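Structural characterization, general
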Amino acid sequence: MMKKLIELSNVSICIKKHYILKNFSISFSDETGVIGLIGLNGAGKTSFIKSIFGYYSITSGKMLRCTDEIAYCPDVPDFPTDMTTLEVLEYSRMLANKKSKNLEFYKNILKLVGLSQSINREISYFSRGMKQRLGIASVLVLEPQIIFFDEPTSALDPKGREEIIEILRNLGKTKLVIFSSHILNDVEKIANRIIVIHKGKKIFDDSISNLLVNNAPKTLVMLNRESSLNKLKERLVNKKCFCLQDSNTLQFSGLALYDFLSLLDEGICSGIVSIVRDQISLEQSFDKLIERSEYQNVSYRNEKMDTK
């Protein structure tokens, strides 16, 4: 049975009369995997992460932290340039009040992030990508259960992004990794769960596959027998889940396909030529989700005005 490590219940954070998080509820357990945190710029991704670490005072709601084994890596890790890689890692453990480790421990961490050859190198000679790797190493030496990364691939070239994404993928095999990103292609590659934040609110929290299915534009079912088509149309009377695209093709939207499948029998199946679902990208699904959220907010405001 999974144990909850972090839980937010209806958490709101208001700064200067502006809500950066509103009625936010979520939980993380002692599991492994990679969770993608996405949203438009200013949606509240960084605010959410920082709230976990007490950066903001909670206006309302409750936050429960059942472990201190949590680490955070900012989007632009910064270190004293006169320190070496090894000194940074040792200093990181010291700041967290953790006992020093032997040299082999640090070498293994650096091997994981591809900095084995730079253990005694000064940070002043590090590139942007190397600093990003060192940032990851500096949280791994803390041996956390959960690691939060804020835009870990920002400002990196394509090769650097791929390398960091691969590091996060491997970390997700033994730890819980939550990373925010505005590069949806990166999220789609490695996340097995996705959280969408919009204007300080959580509007989606599920698998990427469910997000794609829920926003799939249409599914086309082609039949070559008029008898099969007529029989199916009889069963779909008064249902709004489909439309007739042409004389022998039905079009279904979203999850309505499953309603259709439940109606099948041998007489209908014998007339089916093909069932084709349109492909949709994570970016397209994300856009649809944001549009739907905006529409619901406008409708809600209009309803409130009508009741006054």
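Data block above holds the structure.
Our subject in this report is the structure included herewith.

A word on the side chain of Arg-93. As for its placement among the helices and strands, Arg-93 is situated in helix α2 (residues 85-95). With relative accessibility at 4%, the residue Arg-93 sits in the buried group. Reaching out from Arg-93, the side chain makes a polar contact with the backbone oxygen of Lys-99 at a distance of 2.6 Å. Of note is the side chain of Arg-93, whose polar atom sits 3.3 Å from the side chain of Glu-143. Ignoring anything within four residues of it in the chain, the contact list for Arg-93 reads Lys-98, Lys-99, Ser-100, Lys-101, Phe-105, Tyr-106, Val-141, Leu-142 and Glu-143.

Looking now at the sheet that holds strand β7 (residues 176-180). Across the sheet, which stays open at both edges, the six strands sit in the order β5-β6-β7-β3-β8-β9 with mixed pairing between neighbours. The open sheet is flanked by β5 (70-73) and β9 (201-206), the only strands paired with a single partner. On average, each strand axis in the sheet is tilted by 15° relative to the strand beside it, whichever way the strands run. Where strand β6 (residues 146-150) and β7 come together, five bridges link them in parallel fashion. For Phe-148, the partnering residue across the bridge sits in β7 and is Ile-178. Strands in contact with helix α1 (residues 45-52) are β3 (33-38), β5, β6, β7 and β8 (193-198); relative to β6, the strand with the most contacts, it is inclined by about 145°. With respect to the sheet, helix α4 (residues 128-140) is in contact with β5 and β6, its orientation differing from that of β5 by roughly 165°.

With that settled, consider the sheet that holds strand β2 (residues 18-29). A sheet is described by the order of its strands in space; here three strands give the open sequence β2-β1-β4, paired in antiparallel fashion. Of all the strands in the sheet, just β2 and β4 (60-65) have a single pairing partner and so form its edges. Each strand of the sheet is rotated relative to its neighbour by a mean of 15°, with strand direction disregarded. Both strand β1 (residues 4-15) and β2 contribute to a ladder of eight bridges, which runs antiparallel. Counted as the bridge partner of Val-11 is Phe-24 from β2. Contacting β1, β2 and β4, α1 crosses the sheet at an angle of about 60° to β2.

All told, the structure shown has seven aromatic pairs when counted by the stated rule. Between Phe-53 and Tyr-72, the aromatic rings sit 5.6 Å apart at their centres with planes inclined by 40°, giving tilted as the arrangement. With Phe-53 in the loop between α1 and β4 and Tyr-72 in strand β5, this residue pair connects regions lying 19 residues apart in the sequence. Judged by its relative accessible area of 25%, Tyr-72 is partly exposed. Put simply, the rings of Phe-24, Phe-28, Phe-48, Phe-53, Tyr-72 and Phe-148 touch in pairs and so form one group of aromatic residues. A cation over a ring is seen here: Lys-50 above Tyr-55, with NZ or CZ 4.6 Å from the ring centre. Note that Lys-101 overlies the ring of Phe-105, its terminal NZ or CZ placed 5.1 Å from the centroid.

Once that is clear, we can look at the pattern of salt bridges. Counting across every chain of the model gives 14 salt bridges. Its salt-bridge partner being Glu-143, residue Arg-93 comes within 3.3 Å of it at the nearest N-O pair. Taken together, the residues Arg-93 in helix α2 and Glu-143 in the loop between α4 and β6 connect sequence positions 50 residues apart. According to the relative accessible area criterion, Glu-143 is partly exposed, its value standing at 37%. Between Lys-189 and Glu-162 there is a salt bridge; the shortest N-O distance is 2.2 Å. Pair noted here: Lys-189 is in helix α6 (residues 184-190) and Glu-162 is in helix α5 (residues 158-171), with a separation of 27 residues, a long-range link.

What counts as what
- Residues numbered from 1 in each chain as written.
- Predicted model: local features only at pLDDT ≥ 70, side-chain atom pairs only at ≥ 80, totals over all residues.
- Heavy atoms only, no water.
- Helix = DSSP H or I, 4+ residues; strand = E, 2+ residues; numbered from the N terminus.
- Buried < 20%, exposed > 50% of the residue type's maximum accessible area, 1.4 Å probe, protein only.
- Polar contact = N/O pair within 3.5 Å; in protein donor to acceptor, adjacent residues only side chain to side chain.
- Contact = heavy atoms within 4.5 Å.
- Pairing = 2+ DSSP bridges.
- Axes fitted to C-alpha atoms, helices over the stretch in contact; angles between N-to-C directions.
- Phe/Tyr/Trp six-rings, centres within 6.5 Å; stacked < 30°, edge-to-face > 60°.
- Lys NZ or Arg CZ within 6 Å of the ring centre and 35° of its normal.
- Salt bridge = Lys/Arg side-chain N within 4 Å of Asp/Glu carboxyl O.

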